[in-house]
Amino acid sequence: MTSTPRTRSEAKDLTRRRLLRAALTILDEEGEAGLTTVKVARAAGIAQSSFYVHFKDMQELLRVLAEEGGERLRASMREARRKAREAPGDIDLHRETFRIPLEAICRHPELLRIQLRARHDPSSSLRDFARETADAYRDHHAADLAALGYTADGERDRRRLEMIAEGLNAATNALAMGHIEGRYPDLDEAADILTALSRGALRLLRSTAAGPASQGGRPQEPEGAPPAEPDSGTGAGSGSVEKLGGE
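Note that this is a predicted model, so its numbers are computed, not measured.

**Q** I tried to follow the overall build of the protein chain on my own but got confused; where do I start?
**A** Secondary structure summary: the protein chain contains nine helices and zero strands in total. Counting from the amino terminus, helix and strand elements in the protein chain follow one another as α-α-α-α-α-α-α-α-α. Within the protein chain, the proportion of its 247 residues that are buried is 41%. Considering only contacts in the protein chain between residues 6 or more positions apart, those separated by 24 or more positions represent 66%.

Here's what the structure looks like:
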């Protein structure tokens, strides 16, 4: 039985995918310093000149790699957060919202390193893209907090949501890199720490959203928010854990 010949568009897309996979493999094995158009084209099995049919330069290829990886990660995170919101007492579901981004970073750490450097390098052609990506992750987290019932009607509330989201993103990146460098060998422990950090942040939002407990009672929790743990005992096994996933 003969197979149906690929169209020109399909063949071009297949070659593009081969280039992306080849570049990611080189990044994982050699880091950014080993990434050249010659190496990528050779690993993909095409002529170097054909590289430029698909990408203007290596910076464009890196941007596409980061874009596609970010889209997949955000889709996974949205699903994990949805499940965690539907079962606020399930510790494993809340921990999973942190394990997903930790594992994603650990699979391809060089992509994160490139974006972190680009954000602070005025000469980098990826600087704007890296900043836009970081802003997208922050806004995604802030929207997730709002979906839990924490209001963002005023400038102060919105600022706090963004600060918490950005802080958790930075903590996720730091703990993932610490794991890669061997300082934090247990990824489950890193996920537990992130869960504890998010719980404290959400407790702050609850207390400020409800205002001072003038009658001596506990501040009102937003409808649908996960139940808080007691102040004592911050480990994952000490009770129901609140969540906000890091990316």
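Okay, back to it.
**Q** It is not clear to me how the pattern of salt bridges should be interpreted in this structure. Could you clarify?
**A** A complete count under the given rule lists 16 salt bridges for this structure. Residue Arg 82 pairs with Glu 86 through a salt bridge whose shortest N-O separation is 2.9 Å. Highlighted residues: Arg 82 and Glu 86, both in helix H4 (residues 58-86), separated by four residues, approximately one helical turn. With its nearest N and O atoms 3.0 Å apart, the salt bridge here joins Arg 95 to Asp 92. Of the two residues, Arg 95 and Asp 92 both sit in helix H5 (residues 91-107), three residues apart, roughly one turn of that helix. Note on Arg 95: relative accessible area 17%, which makes it buried. On the basis of relative accessibility, which here comes to 53%, the residue Asp 92 falls in the exposed class. Overlapping salt bridges, with partners in common, bring together Glu 32, Glu 110, Arg 113 and Arg 117 in one network.

**Q** Would you mind showing me how to read the nonpolar core here?
**A** Nonpolar side chains in soluble globular proteins tend to be buried together. Residues Leu 35, Val 40, Leu 61 and Leu 65 are the most contacted members of the largest nonpolar core, which totals 24 residues. If we ignore the near neighbours within four places in the chain, the residues touching Val 40 are Leu 19, Ala 22, Ala 23, Ile 26, Leu 35, Phe 51, Met 58 and Leu 61. In this structure, Leu 102, Ala 171, Met 177 and Ala 191 belong to the second largest nonpolar core, which totals twelve residues.

**Q** I keep staring at the side chain of Ser 124 and nothing clicks. Help me out?
**A** Following the sequence through the fold, Ser 124 ends up in the loop between helix H6 (109-119) and helix H7 (127-147). For Ser 124, a relative accessible area of 18% puts it in the buried group. Among the polar contacts listed, one links the side chain of Ser 124 to the backbone nitrogen of Leu 126, at a separation of 3.1 Å.

**Q** Whenever I open this one, helix H2 (residues 37-44) confuses me. Can you help?
**A** Given 3.6 residues to a turn, an α-helix orients residues that are three or four positions apart in the same direction. What H2 keeps buried is the set Thr 37, Val 40, Ala 41 and Ala 44. Taken around the axis of H2, the buried residues stretch over an arc of 95 degrees, which confines them to a single face. Turned more than 90 degrees away from the buried face of H2, the exposed residues are Arg 42 and Ala 43. Structurally, H2 contributes buried residues whose contacts are with helix H1 (8-30), helix H3 (48-54) and H4. Looking one or two residues beyond H2, the residue adopting positive phi is Gly 45, at roughly 80 degrees.

**Q** What is the right way to read the packing of aromatic side chains from this model?
**A** Two numbers describe a pair of aromatic rings. These are the distance of the centres and the angle of the planes. Tallied over the entire structure, the rule returns two aromatic pairs. Considering the side-chain rings of Phe 51 and Tyr 52, the 5.3 Å spacing of their centres and the 75 degrees angle between planes classify their relative orientation as edge-to-face. Here the aromatic rings of Phe 51 and Phe 55 are separated by 5.8 Å at their centres, their planes lie at 45 degrees, and the arrangement is tilted. Accessibility expressed as a relative area gives 1% for Phe 55, which makes it buried. By the ring-pair criterion, three or more aromatic residues cluster together here, those being Phe 51, Tyr 52 and Phe 55. The positively charged end of Arg 74 is found above the aromatic ring belonging to Tyr 137, 5.2 Å away from the centroid.

**Q** Teacher, can you tell me more about the packing of H4 against H7 here?
**A** Relative placement of two packed helices is described by the angle separating their axes and the distance separating the axes. It is at 12 Å that the axes of H4 and H7 come closest, and there the two elements cross at 10 degrees. With respect to their mutual orientation, H4 and H7 come out roughly parallel. Mapping the contact onto sequence places Arg 63, Ala 66, Glu 67, Gly 70, Leu 73, Arg 74, Arg 78, Arg 81 and Arg 85 in H4 and Phe 129, Tyr 137, His 140, His 141, Asp 144 and Ala 147 in H7. Of the residues belonging to the contact of H4 with H7, the class tally is five nonpolar, three polar and seven charged.

The rules behind these values
Residues numbered from 1 in each chain as written. Predicted model: local features only at pLDDT ≥ 70, side-chain atom pairs only at ≥ 80, totals over all residues. Heavy atoms only, no water. Helix = DSSP H or I, 4+ residues; strand = E, 2+ residues; numbered from the N terminus. Buried < 20%, exposed > 50% of the residue type's maximum accessible area, 1.4 Å probe, protein only. Contact = heavy atoms within 4.5 Å. Salt bridge = Lys/Arg side-chain N within 4 Å of Asp/Glu carboxyl O. Core = buried A, V, L, I, M, F, W, Y, C linked by side-chain atoms within 4.5 Å. Polar contact = N/O pair within 3.5 Å; in protein donor to acceptor, adjacent residues only side chain to side chain. Arc of directions from axis to C-beta. Phe/Tyr/Trp six-rings, centres within 6.5 Å; stacked < 30°, edge-to-face > 60°. Lys NZ or Arg CZ within 6 Å of the ring centre and 35° of its normal. Axes fitted to C-alpha atoms, helices over the stretch in contact; angles between N-to-C directions. Parallel < 35°, antiparallel > 145°, perpendicular 65-115°, else oblique. Nonpolar A, V, L, I, M, F, W, Y, C, P; charged D, E, K, R; others polar.

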